[in-house]
Amino acid sequence: LTPYSQEIGLSRAASVFFISYAIVTFVTRPFTGTAFDRRGPRFVMVPAFFALAAGMAMLGAAQNDWILLLSSMFLGYGVGTIQSSGLAMAVRRVSDTQLSKANSTFYVMLDAGVGLGPIFLGMLVPVIGYRAMYELMAVVALLGLVVFLVVCRKDFAPGE
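Parameters and conventions
Residues numbered from 1 in each chain as written. Predicted model: local features only at pLDDT ≥ 70, side-chain atom pairs only at ≥ 80, totals over all residues. Heavy atoms only, no water. Salt bridge = Lys/Arg side-chain N within 4 Å of Asp/Glu carboxyl O. Helix = DSSP H or I, 4+ residues; strand = E, 2+ residues; numbered from the N terminus. Buried < 20%, exposed > 50% of the residue type's maximum accessible area, 1.4 Å probe, protein only. Patch = residues over 30% accessible without salt bridge, like charges linked within 9 Å, V, L, I, M, F, W, Y side chains within 5 Å. Areas by Shrake-Rupley, 256 points an atom, 1.4 Å probe, with all protein chains shown as cover. Core = buried A, V, L, I, M, F, W, Y, C linked by side-chain atoms within 4.5 Å. Contact = heavy atoms within 4.5 Å.

*Asks:* Give a description of the pattern of salt bridges that names residues and reports values.
*Replies:* Taken as a whole and judged by the stated rule, the model has two salt bridges. The salt bridge partner of Asp65 is Arg12, with a shortest N-O separation of 2.4 Å. Linking Asp65 in helix H5 (residues 65–92) with Arg12 in helix H2 (residues 11–14), this pair joins segments that are 53 residues apart in sequence. The partner of Arg92 in a salt bridge is Asp37, and the shortest N-O contact between them spans 2.9 Å. Note that Arg92 is positioned in helix H5 and Asp37 in helix H3 (residues 17–39), a separation of 55 residues in sequence. The class for Arg92 is partly exposed, based on a relative accessible area of 34%.

*Asks:* Tell me what's going on with a nonpolar patch on the surface, and back it up with residues and numbers.
*Replies:* On the surface, Val16, Ile19, Ile23, Phe26, Val27 and Phe31 cluster together into a nonpolar patch covering about 640 Å² of accessible area. Positionally, Ile23 belongs in helix H3.

*Asks:* Go over the nonpolar core with me, naming the residues and quoting the values.
*Replies:* Taken as a class, soluble globular proteins show a tendency for nonpolar side chains to be buried jointly. With 32 residues, the main nonpolar core has Met45, Met56, Leu59, Leu68, Tyr134 and Phe148 as its most contacted residues. Sorting the residues of this core by element identifies helix H1 (2–8), H2, H3, helix H4 (41–61), H5 and helix H6 (99–151) as the ones contributing at least two each. The element that contributes the greatest number of residues to this core is H6, accounting for nine residues. Discounting chain neighbours no more than four positions away, the residues touching Phe148 are Pro41, Arg42, Met45, Val46, Phe49 and Met89.

Structure below.
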């Protein structure tokens, strides 16, 4: 975020980007967790994927501090909800004896994505630029939504 924010002249907003992100994640998780338990994963995951896509698109299109900070809020909600709800989905589908395997597999894959994603995206930046990379990530988020809907089309009824 730092080189991109310097490139577009929004370093001031970028300095509090992750504070805003963290506050939104902290505030929304209790509500999304309760909604997940009462209404099911689709109820919270679909809006979270849209928020993730919107946050990435706004980040790519940011022209002022407010848009950059708004993108951090959408991203905080989207990523925070997808991560916690994804883990809940993973552990709900296994027996108690498989719980530790499901939990560790989820986190290994999460860590792999967090570790390898920036490497591959970093190689893409010189070719397409930061703006296009963030816009591409918005498309990837929408593809993630499609995968979620296909994989979970019959599973995870509300309250399950």
